[in-house]
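# Breakdown of the fold
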Amino acid sequence: MSGLNAFLSHFFVTGDPLIYASDVLIVLVSLGIIVTLTYLKKWKWLWREWLTTVDHKRIAIMYLIAAILMLFRGGADAELLRTQLAVPNNSFLTAEHYDQIFTTHGTIMILFMAMPMMFALFNAAVPLQIGARDVAFPYLNAISFWLFFFGCLLFNLSFVIGGSPDGGWTSYPPLTELGFSPGPGENYYILGILISGLGSTATGINFMATILKMRAPGMTLMKLPLFCWSVLSSSIIILFAFPALTVALALLLLDRTMGTDFFTILHGGNPMQFVNLFWVWGHPEVYIVVLPAFGVYSEVVSTFSRKTVFGYKSMVFSLLAITVIGYLTWAHHFFTMGAGASVNTFFAISTMCVGIPTGVKMFNWLFTMFRGRIQFKLPMLWTLAFIPAFAIAGATGIMLAAAPADYQFHNSQFLVAHFHMALIGGVVFGYVAGMYYWWPKLFGFSLDERLGRWAFWLWQIGFYGCFGPQFALGFMGMTRRMYTYPANMGWNTLNLVSTCGAYLMGVAFLFIGAQIVYSILKGKRDVTGDPWDGRTLEWSIPSPPPLYNFAVIPTVQARDEWWRRKQSGEAAQRAAFPAEASLQPIHMPRNSSIPFLVGLSFFVGGFGTVFHWYGMSIVGGVGILLCLLARSLQENVDYYVPVDEIKRTEIHLREGVTHGLHV
Amino acid sequence: MSSQSNTAHRHAASAVHEPSFPWKQVIGYVLSLLLTGATLWCGFGHGLHGGVLQTTMMVLGMLQVLVQLLLFMHLSEGGTTSHIWMILLGFFFTFVVVAASIWIMTFGYQVQ
């Protein structure tokens, strides 16, 4: 019995009231979900319609839900960190707990919030914008989602089972070698990211193929919507950057589990190589997440200024320039680690060079707005807010890119403020804008404007209130990852202000949550399919779109094809039924349970490896192989939607549209 | 152009011609395993040292790249402009990662 007790107290994290509260909440929420699903008899529906789906629109919704939940978790972590730093000599969190929280905050926000939110937008918009019926590899798309989901689940389990990683989100050895981080936390970090990273790489390949191969007839690359261009650029970087992370983490895992010495100095290994490989992925990762946000800004600015985007070709060129130059900048993350002056100079210059195409894009957006008829709807508000935030992020980024100056700023709160300005101001603002923009397309109703404006303004005030003071704190010598500080440093007021700003952003998040709940119940239903008077093809079909997206694949003549049709009067035909002769049976992929089972097998194998229960790892591995085998031998993977069914669906959808037109 | 019709097309084509056994992929798989095994043996076998060891491993690595490109990535089948650009980009990034890593790491990090 005492053996069991010892095991349980080692297995579950004990001794912290915050964690006990989380335990209770997790159990209650899980019970709530199970009871609700059983009471409403929704299990079969959940499995058939969602867990086994290969439809890109449903996968987008699942990514979006996961991303919002993770924004909540990462945000809660941030509030805890800022609470600890609100006043000097605080003892709200212990040093170790603080370390665990900043590690999980960083990891979750980048890998389990930004990435899925980005994939949600990819899946929601790309096939619709290029006039396709799905992505190039729908089954692989589902596998990607489940690998992300189970990797994320594994990582999130760490804080109640076994203990969280505390080596920072960069997880540098030797700190993260077995000798210094013996617990399972670091294993959770490695395996969670390895598993979800496989999914991300596959998504990159999938969307590259989709954009290059699935475009509607007539849509040349130079007629591709800018969001799709940004997705293509981002996918290229994913394809070339993620393997570096996979390799670095796999080597670290071998060090920790198999006793190899890739990163242990005393046996001829080299921890700097981990730092190098990590940032070979880590810096391009910044562009992976920010480029799609740039794509969103281009779509939103154009739609809400009611003008075609200014300098389309230069926009495309600068996206591709960022893709390539962005790959040459990673060493600026370790300027202070001892490389020579020539290395530092090269990477300082290449880093500054990335600012040039970014500036080009910025001016193009401004010129698009110039003399446009701007509508200040929610997506446009977030886009406008991005401009000053990213200007500050860019200016401070150039300061950090100057190698000699970086010796002063490195690892200070200045740096923290800079990358939050870039990642929140650039990425989160863009994704939130994208969420508002495509929400009616995905769900068939709009998000409430009034609550959204509350969220927007609270967020803006909180954002500058939180990170503004941190620039100053950095100059005043406060380093990052400090869990507490003495009272006589002159940092007290600024830290308090910063914490209040963080709380305001937390309140803003609650407003977004309230907005979503309110809008599900009372939001304006989108019966036209084109609530923003959009310009690209996704607005030419009803919302939410039917399973097969386009009853007839459109033929494209212009960059803003849907706008062109509306101007030329062709769009009016949309309300009418598509010409019956043009309808043909539609070839679609069948739903499959294998992607879910692949993810589950990875989870089981990963969990076993975290605790060195290799029997369980083998079970997971066998599961993966069986899934691969089952898929290889599967014959019945697709079907045709018959013309009758298309006709019925379209009539049903048009009834809504005609109704909308007459209101 | 639309790949839906492409897929349907291929479907029809494969119904006419029996799909042949994927010899190319099997050969590629076996070659990859052999090359990987050989590289591992070089590392663990202690038969080679210093520059010879590094050169051998480098050559084996290059052969591996060729196997992947020719047997799996359809390089020999030619393609559109975008394929060529992608492959050039791939080579560029590979060169950057390898060469720049070597360059960055040559600052005498090792505890002597």
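Bear in mind the structure is a predicted one, so any value in this text is a computation, not a measurement. (Residues numbered from 1 in each chain as written. Chains lettered and ligands numbered in written order. Predicted model: local features only at pLDDT ≥ 70, side-chain atom pairs only at ≥ 80, totals over all residues. Heavy atoms only, no water.)

So, about the overall build of chain B. Along its length, chain B carries four helices and zero strands. Counting from the amino terminus, helix and strand elements in chain B follow one another as α-α-α-α. In chain B, which comprises 112 residues, the share counted as buried stands at 21%. Across chain B, every contact between residues at least 6 apart in sequence was considered, and the portion connecting residues at least 24 apart equals 58%. For chain B, the accessible surface area stands at approximately 8100 Å², while carbon and sulfur atoms represent 74% of it. (Helix = DSSP H or I, 4+ residues; strand = E, 2+ residues; numbered from the N terminus. Buried < 20%, exposed > 50% of the residue type's maximum accessible area, 1.4 Å probe, protein only. Contact = heavy atoms within 4.5 Å. Areas by Shrake-Rupley, 256 points an atom, 1.4 Å probe, with all protein chains shown as cover.)

All names here are of chain A. One pass over the full model with this rule turns up 80 aromatic pairs over all chains. An angle of 40° between the planes, with centres 5.4 Å apart, marks the rings of Phe112 and Phe155 as tilted. One end of the pair, Phe112, is in helix 5 (residues 95-129); the other, Phe155, is in helix 6 (residues 138-157), with 43 residues separating them in the sequence. Taking relative accessible area as the criterion, Phe155 reaches 0% and is therefore assigned buried. Aromatic pair Phe145 and Trp146: ring centres 4.8 Å apart, planes at 80°, arrangement edge-to-face. With respect to burial, Phe145 and Trp146 carry one shared label: buried. Note that Lys42 overlies the ring of Trp45, its terminal NZ or CZ placed 5.0 Å from the centroid. Positioned above the aromatic ring of Trp563, the side-chain terminus of Arg535 is 4.4 Å from the ring centre. (Phe/Tyr/Trp six-rings, centres within 6.5 Å; stacked < 30°, edge-to-face > 60°. Lys NZ or Arg CZ within 6 Å of the ring centre and 35° of its normal.)

Turning to the UniProt feature "transmembrane region" (unreviewed entry) in chain B, a few remarks are in order. Residues and elements named next belong to chain B. Per the UniProt entry, the sites bearing "transmembrane region" (unreviewed entry) are residues 26-44, 51-72 and 84-109 in this numbering. Counted over residues 26-44, helix gives 100% and strand 0%. Its end C-alpha atoms are 27 Å apart. Within the segment residues 51-72, helix and strand shares are 100% and 0% respectively, and the terminal C-alpha atoms sit 31 Å apart. (UniProt positions renumbered as here; feature names shortened; annotations may be inferred.)

All right, on to the nonpolar core then. Residues and elements named next belong to chain A. Residues Phe429 and Trp459 are the most contacted members of the largest nonpolar core, which totals 200 residues. Here this core takes 20 residues from helix 9 (residues 271-305), the largest share from any one element. Those residues in contact with Trp459 that lie beyond four places of it in its chain are Trp382, Ile424, Val428, Phe429, Met505, Ala508 and Phe509. (Core = buried A, V, L, I, M, F, W, Y, C linked by side-chain atoms within 4.5 Å.)

Below, the discussion takes up the side chain of Ser519 of chain A. Note that Ser519 of chain A resides in helix 16 (residues 492-522). Within the structure, the side chain of Ser519 of chain A is placed 2.5 Å from the backbone oxygen of Gln515 of chain A, a separation counted as a polar contact. (Polar contact = N/O pair within 3.5 Å; in protein donor to acceptor, adjacent residues only side chain to side chain.)

So, on to helix 10 (residues 312-325) of chain A. Taking 1.5 Å per residue, 14 residues should reach 20 Å; helix 10 of chain A reaches 20 Å between its end C-alpha atoms and fits that length. Those residues of helix 10 of chain A lying buried are Tyr312, Met315, Val316, Ser318, Leu319, Ala321, Ile322 and Thr323 of chain A. (Expected span 1.5 Å × (residues − 1).)

Let us now look at the environment of Gly462 of chain A. All names here are of chain A. Secondary-structure assignment places Gly462 in helix 15 (residues 449-475). Spatially, the C-alpha atoms of Gly462 and Gly452 are 15 Å apart, while their sequence positions differ by 10 residues. If we ignore the near neighbours within four places in the chain, the residues touching Gly462 are Gly501, Ala502, Leu504 and Met505.

Turning our eyes to something else, we now look at the pattern of salt bridges. Residue and element names in this part refer to chain A. This structure, assessed with the given rule, holds 10 salt bridges over all chains. With its nearest N and O atoms 3.1 Å apart, the salt bridge here joins Lys57 to Asp55. Taken as a pair, Lys57 and Asp55 share a single burial class, namely buried. In this structure, Arg306 engages Asp533 in a salt bridge whose closest nitrogen and oxygen atoms are separated by 2.8 Å. In this pair, Arg306 sits in the loop between helix 9 and helix 10 while Asp533 sits in the loop between helix 16 and helix 17 (561-568), placing the two residues 227 residues apart along the sequence. One salt-bridge network, in which partners are shared between bridges, spans Arg306, Asp530, Asp533 and Lys566. (Salt bridge = Lys/Arg side-chain N within 4 Å of Asp/Glu carboxyl O.)

Another aspect to go through is the interface of chain B and chain A. Facing 25 residues of chain B, the contacting portion of chain A comprises 39 residues. Between chain B and chain A the total buried area reaches about 2700 Å² when both faces are included, carbon and sulfur atoms providing 75% of it. Ranked by residues supplied to the side of chain B that touches chain A, first place goes to helix 4 (residues 81-104) of chain B with 13 residues. Partitioning the side of chain B that touches chain A into residue classes produces 15 nonpolar, 10 polar and no charged. (Buried area = accessible area lost by both parts, 1.4 Å probe. Nonpolar A, V, L, I, M, F, W, Y, C, P; charged D, E, K, R; others polar.)

What follows covers a nonpolar patch on the surface. All names here are of chain B. A surface patch of nonpolar side chains, about 920 Å² in accessible area, is lined by Phe21, Trp23, Val26, Ile27, Tyr29, Val30, Leu31, Leu33 and Leu34. Within the fold, Leu33 resides in helix 2 (residues 23-45). Under the relative-accessibility criterion, Leu33 is labelled partly exposed at 49%. (Patch = residues over 30% accessible without salt bridge, like charges linked within 9 Å, V, L, I, M, F, W, Y side chains within 5 Å.)

It is worth spelling out the side chain of Glu79 of chain A at this point. Residues and elements named next belong to chain A. Here Glu79 shows up in helix 4 (residues 56-85). The side chain of Glu79 sits in the buried core without any salt bridge; Arg82 is the nearest counter-charge, 7.7 Å away. When neighbours within four sequence positions are excluded, Glu79 is seen to be in contact with Ala502, Tyr503 and Gly506. (Lys, Arg positive; Asp, Glu negative; His and termini not counted.)

This brings us to the packing of helix 7 (residues 185-213) of chain A against helix 18 (residues 594-610) of chain A. Residues and elements named next belong to chain A. Across the interface, helix 7 lies against helix 18 with an axial gap of 9 Å and an inter-helix angle of 160°. With respect to helix 18, the axis of helix 7 lies roughly antiparallel. In the packing of helix 7 onto helix 18, the handedness of the crossing is right-handed. Together, Asn187, Tyr188, Leu191, Ile195 and Leu198 of helix 7 and Phe602, Gly606, Phe607, Thr609 and Val610 of helix 18 make up the contact between the two elements. (Axes fitted to C-alpha atoms, helices over the stretch in contact; angles between N-to-C directions. Parallel < 35°, antiparallel > 145°, perpendicular 65-115°, else oblique. Left-handed = near helix turned anticlockwise from the far one by under 90°.)

All names here are of chain A. Looking at the secondary structure, you find Gly268 in the loop between helix 8 (226-258) and helix 9. Gly268 sits in the exposed class, given a relative accessible area of 53%. Taking the C-alpha atoms as reference points, Gly268 and Ala391, 123 residues apart in sequence, are found 44 Å from one another.

Residues and elements named next belong to chain B. For chain B, the average pLDDT comes to 78, and 77% of its residues sit at 70 or higher. At the low end of the mean pLDDT range in chain B sits helix 1 (residues 3-16), at 43; at the high end sits helix 2, at 91. In this model residues 1-16 is a low-confidence stretch, pLDDT under 50, and it forms 20 contacts with partners more than four residues away in sequence or in other chains. (pLDDT = per-residue confidence, 0-100.)

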